[in-house]
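Observations on chain architecture
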Amino acid sequence: MTVYGPDYALLATHPRAERPGERHTHHDHLPPEKLPGLLLNRAACCRTAAAIGPATAAVVHDLLADPAVDRGTTVGRVLRLRERYGDERLEAACARARRFDDQSYSTIKRILIEGLDVDAPPTILPGAPGPHLRALGRRPARPPLRERVMSALPALPATPQHQLTPQLKQLRLSGVLETLDARQRQAIDAHWSYEDFLARLLDDEIERRAQKQLAQRLRRGAVNETKTFETFDFAAAPSLNRQQVLALASGAYIRAKHNVLICGPTGTGKSHVAQGLAHDACRQGFDVLFVNTHRMLRHLNGGRADGTYDKRMATYLRPAVLILDDFGLKPLDGPAPADLYDIINERYEAGSIVLTSNRAPEEWPDLFGDPLLASAGLDRLGHHAETLVMTGVSFRARRTTPTQAPRGGEKGGHP
């Protein structure tokens, strides 16, 4: 394609696209501020990181190691930190983040903001936000889409329902508007009294708030909404005492601050049972947190890098029920045994722990590497604890069992 100017002067020539949707861009035609972003590819990022230092190069290499996940944007944000803090400080921050096995952008940035990359107090370079200005750098939140759409529509004529809107909003009862018309028609047809009509509206509001709070607890606790006891196949887990599980679902162990230990081979439904206990706990108003044990210990260790260890520890001590999934699946390295002991010790008789493991309880002491630490931690974990032992064939193995070949050596299906 040829582009001409107003005076018919030749401006540029682009080759014809070989495939539909293919584009050709001349770098010389781009604005200066757009050119760096276009040229930011994997090779360029690796070269830039190598020029900063070996720790930064290692962080970039790890972020780009998985070809199935595009972390180019994250890498670009990490490299742009050099503009505010310089190459030396960015290299030191990356080295500290790698030392604590938490190479996320947020951790590296917090290390720089707090000045943890140097021994001296943090030095705020020109243009760099101080700790007290972090919140000010955030982009102001846009109104929800529904509010923006409704504000663009013409005003509706006033009706009894819309006349109640200001009063209901002031009382934080605007949810009543969702069922007000339907309840009004029912009241007229069934000749409800004023008290019955009001009682139905209040019941609707109570149910609506309960469902909203349940959804919030499930979301905050990382609980899978589909993994409930209603969807669990008890017939496929004959070793599991159904009455014991349903008794636990009542939440008595949470009120007593007791623990639940679920052991068994891979694929027998341990995580599903733990999710079911978490779901029923949320229904009863308890705060829960479902987390992979190894991921939790890595998250805690990363807090040592950016000075947020106490804050991260509080995340796992706050909920009424902490569910540690896949305990013992990976070895406990570095400070992990001590961190796990601290979790168990701080929650002892203060909050419940639900733990799932592929290993038998007899194997747990060897995971700590320290007999004294293992004895103290497991003694507290097992005190007042109920144990569920699950055996049988993996659910996943049953689903992937190959279909038997047709008789008579026929390659086809049905005759």
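This write-up is about the structure you can find in this document. What you see as residue numbers is a count from 1 along each chain, following the sequence as written. Local features are withheld for residues below a pLDDT of 70 in this predicted model, meaning they are given only at 70 or higher, and side-chain atom pairs are given and counted only at 80 or more; totals for whole chains, interfaces and linings count all residues. Derived side-chain values reflect all non-hydrogen atoms in the structure, with water molecules and hydrogen atoms excluded from consideration.

**Looking at the sheet that holds strand 5 (residues 321–327)**
Which entries qualify depends on this criterion: The rule for pairing is simple: two strands pair if DSSP sees at least two bridges between them. A helix here means a DSSP run of H or I that spans at least four residues, while a strand means a run of E at least two residues long, and both kinds are numbered starting from the N terminus. Structural elements are reduced to axes, namely lines fitted to C-alpha atoms, with helices fitted over the stretch in contact, and the angle between N-to-C directions of any two is expressed from 0 to 180 degrees. Any two residues whose heavy atoms approach within 4.5 Å at even a single point are treated as in contact.
Here we have 5 strands laid out as an open sheet, ordered 4-5-6-3-7, and parallel in their pairing. Both outer strands of the open sheet, strand 4 (288–292) and strand 7 (385–389), are each paired with one neighbouring strand and no more. Averaged over all neighbouring strand pairs, the angle between strand axes comes to 15 degrees, with direction disregarded. Packed onto the sheet, helix 10 (residues 242–249) meets strand 3 (259–263) and strand 7 and runs at close to 140 degrees relative to strand 7. Where helix 12 (residues 270–283) meets the sheet, it contacts strand 3, strand 4, strand 5, strand 6 (352–357) and strand 7, and its direction lies at approximately 160 degrees from that of strand 4.

**A look at the pairing of strand 3**
Selection criterion: Here's how the labels work: a residue is buried when its accessible area is under 20% of the maximum for its type, exposed when over 50%, partly exposed in between, all with a 1.4 Å probe on protein chains only.
With 5 of 5 residues buried, strand 3 is to be regarded as a mostly interior element. By the bridge criterion, 4 bridges tie strand 3 to strand 6 in an arrangement that is parallel. The residue of strand 6 that forms the bridge with Ile262 is Thr356.

**Comments concerning the nonpolar core**
Within soluble globular proteins, side chains that are nonpolar tend to cluster in buried spots. The condition that has to hold: The term nonpolar core refers to a set of buried residues drawn from Ala, Val, Leu, Ile, Met, Phe, Trp, Tyr and Cys, joined through side-chain atoms within 4.5 Å.
Counting 29 residues, the largest nonpolar core has Leu240 and Val354 as its most contacted members. For this core, the elements supplying multiple residues, two or more each, are helix 9 (194–220), helix 10, helix 11 (252–255), strand 3, helix 12, strand 4 and strand 5. Considering every element that reaches this core, the biggest residue donor is helix 12, with 6 residues. Not counting chain neighbours up to four residues away, the residues in contact with Leu240 comprise Phe232, Phe234, Val245, Val273, Leu388 and Met390. Met296, Ala336, Trp364 and Leu378 belong to the second-largest nonpolar core, a separate cluster that totals 26 residues.

**Digging into the pattern of salt bridges**
Test applied: Basic side-chain nitrogens of Lys or Arg form a salt bridge, by our definition, when they fall within 4 Å of a carboxyl oxygen of Asp or Glu.
The tally for this structure, following the rule as stated, stands at 16 salt bridges. The closest approach of N and O atoms between Arg183 and Asp204, which form a salt bridge, is 2.8 Å. Separated by 21 residues along the polypeptide, Arg183 in helix 8 (residues 177–190) and Asp204 in helix 9 bring together distant segments of the chain. What emerges from the salt-bridge pattern is a single network uniting Asp102, Arg110, Asp306 and Arg312.

**Some thoughts on helix 10**
The following threshold applies: Each C-beta atom gives one direction from the helix axis, and the arc is the one those directions make. Under the rule applied, a polar contact is a pair of N or O atoms within 3.5 Å (in protein, one hydrogen donor and one hydrogen acceptor; residues adjacent in sequence only if both atoms are side-chain atoms).
Among all positions in helix 10, only Val245, Leu248 and Ala249 are buried. Projected down its long axis, helix 10 shows its buried positions confined to an angular sector of 105 degrees, all on one face. The opening residue of helix 10 is Asn241, an N-cap whose side-chain oxygen sits 3.1 Å from the backbone nitrogen of Gln243.

**Thoughts on the packing of helix 14 (residues 309–317) against helix 15 (residues 336–347)**
This is how it is decided: Orientation is classified from the angle alone, with under 35 degrees giving roughly parallel, over 145 giving roughly antiparallel, 65 to 115 giving roughly perpendicular, and any other angle giving oblique. Here is the rule for handedness: rotate from the far helix to the near one, and if that takes an anticlockwise turn smaller than a right angle the crossing is left-handed, while a clockwise turn gives right-handed. Side-chain classes are defined by residue name, with Ala, Val, Leu, Ile, Met, Phe, Trp, Tyr, Cys and Pro counting as nonpolar, Asp, Glu, Lys and Arg as charged, and the others, Gly among them, as polar.
Running from N to C, helix 14 and helix 15 cross one another at 50 degrees; their axes reach a closest spacing of 10 Å. Taken together, helix 14 and helix 15 sit at an angle that is classed as oblique. Between helix 14 and helix 15 lies a crossing of right-handed hand. Between helix 14, through Tyr309, Met313, Tyr316 and Leu317, and helix 15, the contact on the second element is made entirely by Asp339, Asp342, Ile343, Glu346 and Arg347. Looking at the contact of helix 14 with helix 15, its residues break down into 5 nonpolar, no polar and 4 charged.

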